[in-house]
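Descriptive analysis of the structure
What follows is the residue order along each chain.
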Amino acid sequence: MSTVSKKVCLIGDFSVGKTSLIRRFVEGVFSEQYLTTIGIKIARKVVNLETSSQQIDLIIWDIEGGTKFKPIVPNYLKGATGAIIVGDLSRQETLDHLPAHIDLFFQTNPNAVAIVALNKSDIIEEHKLTKLRELNNFTANSQIIKTIVTSAKNNTNVDQAFTELAANMVNS
Amino acid sequence: MPDSIDQLIDLLLDVETPVKPTNSEPESSPHQQQPSLTKPEKKPTFVAQKTPSKVESKDLAVDSSQETTEDNNIEPNSIEIPKPIEPVAESVTKVAEVVLDDRIQAISSAISGLREQNIHEADHDTFSADALNLGIDDWIVQKEARLDELAESLNNLIPLMIELLSVKVNDSQELILQTMIPFIDRAIQERSSQDLDKMSLAIARILPDAISQEIKIEPKSMGKAIAPELALSIEEQIRLDQDAISLALGSEMGKAIKAQIELEKDAMVDALYPVIGNTISKYLAEEIGRINQKIENSLSREGISRKIRAKMRGISEAELILQESIVCKVQAIFLIQKDSGLIICEVQPDKEHPLESDLVAGMLTAIRSFANDCIISGSELSEIDYGNFEILLEAAGYCYIAVVVSGQPQTEFRDRIRETLSKLVMQYGDKIENYQGDPATIPPSVKLVLKDLAHIETDDTSEANQKKSAPILLWLIIIILASILLPWGIFRYRAVKAQRIREKVAVQLDDNPQLSVYRLQSQVDRKNITITGKVASNHLRNLAQEIVSEIAEEEDLNLDNQIIAVDVPPDPTLTAQEVTRVSQLLNQLPGVGIISDYQDYRVTITGFILDTVSTETVTSYISNIPGVQQVVFNVKKELPTLDTRIYFGSRKSEITDPTEADKIDSIKRFLQEHPTLNLKIIGHSDSRGSNSFNQKLILERANAVYQTAIAQGIDANRLKIVNEELLPPDITPDQPLWLSRHVRFEPFIP
Ligand SMILES: Nc1nc2c(ncn2[C@@H]2O[C@H](COP(=O)(O)OP(=O)(O)O)[C@@H](O)[C@H]2O)c(=O)[nH]1
Ligand SMILES: [Mg+2]
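Residues numbered from 1 in each chain as written. Chains lettered and ligands numbered in written order. Predicted model: local features only at pLDDT ≥ 70, side-chain atom pairs only at ≥ 80, totals over all residues. Heavy atoms only, no water.

1. Some details on the pairing of strand S2 (residues 40-48) of chain A
Residue and element names in this part refer to chain A. Where we set the bar: At least two bridges found by DSSP between two strands is the condition for calling them paired. Think of it this way: any DSSP run of H or I at least four residues long counts as a helix, any run of E at least two long counts as a strand, and we number them from the N terminus.
Relative to strand S3 (residues 55-63), S2 runs antiparallel, the two sharing nine bridges. Its bridge partner being in S3, alanine 43 is matched across the sheet by isoleucine 60. Where S2 hands over to S3, the hairpin turn is made up of six residues, counted between the paired strands.

Spelled out as C-alpha cells, the structure:
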C-alpha cells in the first residue's frame, strides 16, 4: 500500500473553529478554551481510503488570519491540493466572507478541491439550521465538493469532511 | 623604551593641574611647560640644581618608614627630597581620581582602540576570536608570573611622578629626569621590597589615565608598549576599588562596545562567545571543531572515524575524542517542495529519535514564506538557529534543502549543501517540480545523494550484534524452513534480483545527463553484470563503467563492460533537446537566467549569470553534454536597470495622464529585449498622510500599473508586485513631493 502526502489548508475568519476542527480530527478532543493560532500550525494524520488501496498522509495547515487587519498570506496556501473553508453558523459575517476565502484559495491553487464547513451547528436551532444551509450552498463551483454542516464540539461530520476531501484529492 | 617615558612625562605634567592649589607657585602652567621639554636653552640652569638631589633622593627611599603627612611643605623651584613618598602617593591618587572623570571618554575609546591594536598584533589578517582568546589566556597565565615584572615596570613610573609633583615645574623636566633615573631605579626597588602594596596602590590609580593619554598621542606604539601591562593595571585598580572603576568605565563601556560592534560585528560576536553564558557550548564546539580539523588534516576522515569506532569500546580518552567528533552532527536532511512544504525525500541518521518530518517541513516552509514575504522581500532565509541546533536552508527553483545540525557546522558544509542541491536540481529537477506527494515518483538515488551529504555509514557491527541476539528457537525454525524453501527460493530470488539490478542500472545510467542520450543495456547473471551499447567517447564509456561498478560492488557481482566507444557524435536534435532541458534546470539555480542555443556543436549562452560559481556550474553541465564541443558565453553578470517611472497625482492610484500610460511601452520593450528577466513592480508614496493609508495606496498604484500592463498584452507571469518602503530610496526630503509618487521597476531573474 502506497502513501501519498497532500497539503490541506483550513481557512476562514478568526474564531470560526478551524483549530478546533483539526484537533477533533487529529487528536479526537475538543476544548472550549480559545487559543489563538499565531501564524501557522501544522498537524498531520494518515487517512485510509475505502475506495482505493492508497493511504493519504494529510499535512494540515491551520492558517491564521481572515481579519481585516491580518489578511491571509497567499503564500501559505501555495501547493495545497485541498482546503476546508470554514464559517461560523452563529456569526453571519463569517459566512459572508466565505466567497472571498474560496476565491483566494482557487486563485492560488486552480487545480485543487475544497469543502465548505459550516461549523458550530450544535448551538444553532434546528429550523434555523436548514435555512442557513440553503443560504450558504456553494454548488456553482465544481471544485467545491460539497457544503457540510459540522460541529467540532459534538463531533458531527468532522471525520466525514476530512475523509471526503481526501478521497477527492487523489481522484483529482 | 625612552620614547614612552618621555610621553609619560607629558602625561604626568598634564595630570598635575588639579594639585595646583597645594602649591604656592602660580606661574607655572603645565600646558605651557610642555613644549619646554625639548628646548635646550633651559638645560644649563638645571644641571647645577639637580646634582644634590640624587643623593638625597636615595635617602628618601630608604627612609620611607617614617612617614610624615605634611603635604604642604613642598616648596617651589626646589627639589624637596626628604619628603616622604606616602603623601605624594596620596596626592597622585587624588589627581588620578579627579582626572579619571575627564578621561573616561578617552579611556573607553582607548580601550577599543587598544584592543584592536592588540589583536592585530596577534593576528594580522583578522580580528578573530582566536586572537582574543589567546590574549585572555595570556593574561591569566601571566597574571601571577608577571607580578614581579609589574613592580619593575612601575618602577620607571613612580619616581617620575614623585619628583614631578614636588619639583615646581619651572625648569626643564627632561634634565631632571635624566639625572634622576639612575638612582630612582634603586630607590624604587628598595621601596617596593618594603611596601609593595602601597607602591602599586599609588600607581594603579593613575595608570588608566596615563595610558589613555598616551594612546591618544600615539596609539600604535603605545598599543605595543602597554598591551601586556594594561590588563594588569586595570586588574590592580579593580582590586583596590572595584566600584570606582566599574562606575567610571561602565557608562562609557556601552558606547565603546556599540561602536566596536558597528565596526566589526562578526568579530565582536565571536569575541564575546567566551563570556556569554548561553553561547559557551557553541564556543566549545568551535574549539573542538578546530581540533578535529587538525586531526583530519593529518589523517583521512574515514581513517579517523574508524579509529574512533575502534577505540570507542573502552578507553576513556577515546570516548573524549568521540564526544568531540559528534559535536557537530547532522540530525536530519530534508528535501522539501518549496510551495507545498511536502517532503520529497528525507534522511535521518538517528533512528531512535526521528523528527516529525512532515510537521518540521511544513513549519519550515511557513517560516520561509513568511520571511520571504513579509520581512525581506526577494531574499532568502538561510539559517535558523536555536540552542545548540542549527537549520541550514538552501533553496533552488522548486525545492529547498533543510539540514538540521547539532553543534557548529564548518563553513565548508554549506558549500557541500549547495553542491548537493545543484546536483539534485540538475538531475531530478523535473521530478521535483512535478512532485505530487507520492514518494514512489522520486528515484532512490535522490536518497543516496542526501545520505552522502549526511555522511551516514551503515553501521555493520551493530546490525550484526542484533542478529546474534535473535533467539535460538527462531533460528532453528528459520533453518528448517530454509532447507525446504531454499532451492525454490534461490531460483525465484535470482530472477527477481536480476530484474531489480537491471532496473537499478537503467535508472542510474539514465540519471546521468551525459549518458541519458545513449541506449545502453545490461544483463545480469549469477556472477556478472554485462553492459552493452555504443557511446561517443572513451570518457563516457568510463563514466558508465564507474556508475555500474558501484552497483556491481554493492551486489557483489563482477562488471563486464562491453560498451563500445565510437567516434560518432550523437544526434544533434537529441543534443539540442538536452541543451534546452539542462538550461531550464540551470535556470532554477539562484542568479541564473539563461537561454542556450545549440548549433554546429556549439552552444551559445545568452542572458544573466550573477556569480562566478554558477558560471562554472553552467559551463561544466553544458560542456558535458555529448555533442557539445564548444560553449560560448554571452552573458551579463549584472542585471540591467530600467529607469521608467510612472507618476501619480497626490492620493491617486489611477493612471490618468496619457504620457504616463505610454510608458508601459518601454516596459514591453524591456521584457522583449530581456526574455530571461521579469520585472518587480514597486509602488511608492510621498511622505505625507498616514502610514496605513500610504501602505494601501502604494499597493493600489502598483496594481494599477500591473493591470494596465496586462491590458496592453504583457504576460502577467513576468510581472510581480512587490511591497517595499513607502518612500522611494533615491528621493531626498528636499526634492519636490510629486517625485516620490511613482511606481518603479526592478528586473529580476525568475
Ligand atoms: N459550540 C461550539 N464551539 C466551537 C466549535 N468549534 C469551535 N468552537 C469554539 O470557538 C472558539 C474558536 O475556535 P477555534 O478553533 O480556536 O477557532 P479558529 O480561530 O478558527 O482556529 C473556541 O472557543 C472553541 O471552543 C463548535 O463546533 N461548537
Ligand atoms: Mg486557530
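Next comes the rest of the description.
2. Considerations on the site of ligand 1
Residues and elements named next belong to chain A. This is how it is decided: By convention in these notes, a residue is near a molecule or strand provided one of its non-hydrogen atoms lies within 4 Å of it. Two N or O atoms count as a polar contact when they lie within 3.5 Å, although within protein this holds only if one can serve as hydrogen donor and the other as acceptor, and sequence-adjacent residues are included solely when both atoms are side-chain atoms. Per-residue accessibility takes into account occlusion by the displayed protein chains alone, with areas from the Shrake-Rupley method and a 1.4 Å probe.
Taken together, 19 residues are adjacent to ligand 1, and Ser15, Thr19, Ser20, Asp122 and Ala152 come closest. Here serine 15 contributes a backbone N or O atom positioned 2.8 Å from an oxygen atom of ligand 1. For ligand 1, an oxygen atom lies 2.6 Å from a polar atom in the side chain of serine 20. Coverage of ligand 1 by the protein amounts to 91% of the 580 Å² it exposes when considered alone.

3. Things to note about the confidence of the model for chain B
Residue and element names in this part refer to chain B. We apply this condition: The predictor's confidence in any single residue is recorded as pLDDT, a number from 0 to 100.
With 50% of its residues at a pLDDT of 70 or more, chain B shows a mean pLDDT of 68. Strand S2 (residues 343-347) holds the highest mean pLDDT among the elements of chain B, 92, whereas helix H3 (residues 43-62) holds the lowest, 37. Model confidence for the complex: the whole-complex pTM is 0.44, and ipTM, which rates the interface, is 0.84.

4. Overview of the pairing of S2 of chain B
Residues and elements named next belong to chain B. Our working definition: Only protein chains enter the accessibility calculation, which uses a 1.4 Å probe. A residue is then buried if its area is under 20% of the maximum for its type, exposed if over 50%, and partly exposed in between.
The buried count for S2 comes to four of five residues, which makes it a mostly enclosed element. Sheet topology note: the strand S1 (residues 329-337)/S2 ladder contains four bridges and is antiparallel. The partner of leucine 335 across the bridge, within S2, is cysteine 345. Counted between consecutive antiparallel strands, the loop separating S1 from S2 contains five residues, among which glycine 341 sits at a positive phi close to 75°.

5. Description of the interface of chain A and chain B
As a reminder of what qualifies: When checking whether two residues touch, look at their non-hydrogen atoms; a contact exists if any pair is within 4.5 Å. Summed over both partners, the accessible surface that disappears when two parts come together, traced with a 1.4 Å probe, is what is meant by buried area. Whenever Lys or Arg places a side-chain nitrogen within 4 Å of a carboxyl oxygen from Asp or Glu, that contact is recorded as a salt bridge.
The interface is formed by 17 residues belonging to chain A together with 17 residues belonging to chain B. Buried area between chain A and chain B, summed over both chains or domains, comes out near 1,500 Å², and the portion from carbon and sulfur atoms is 58%. Close ionic contact of aspartate 358 of chain B with arginine 44 of chain A constitutes a salt bridge, the shortest N to O distance being 2.7 Å. Seen at the junction of chain A and chain B, the total is five residue pairs in polar contact (both at pLDDT 80 or more). It is strand S1 (residues 3-12) of chain A that contributes the most residues to the side of chain A that touches chain B, five residues altogether.

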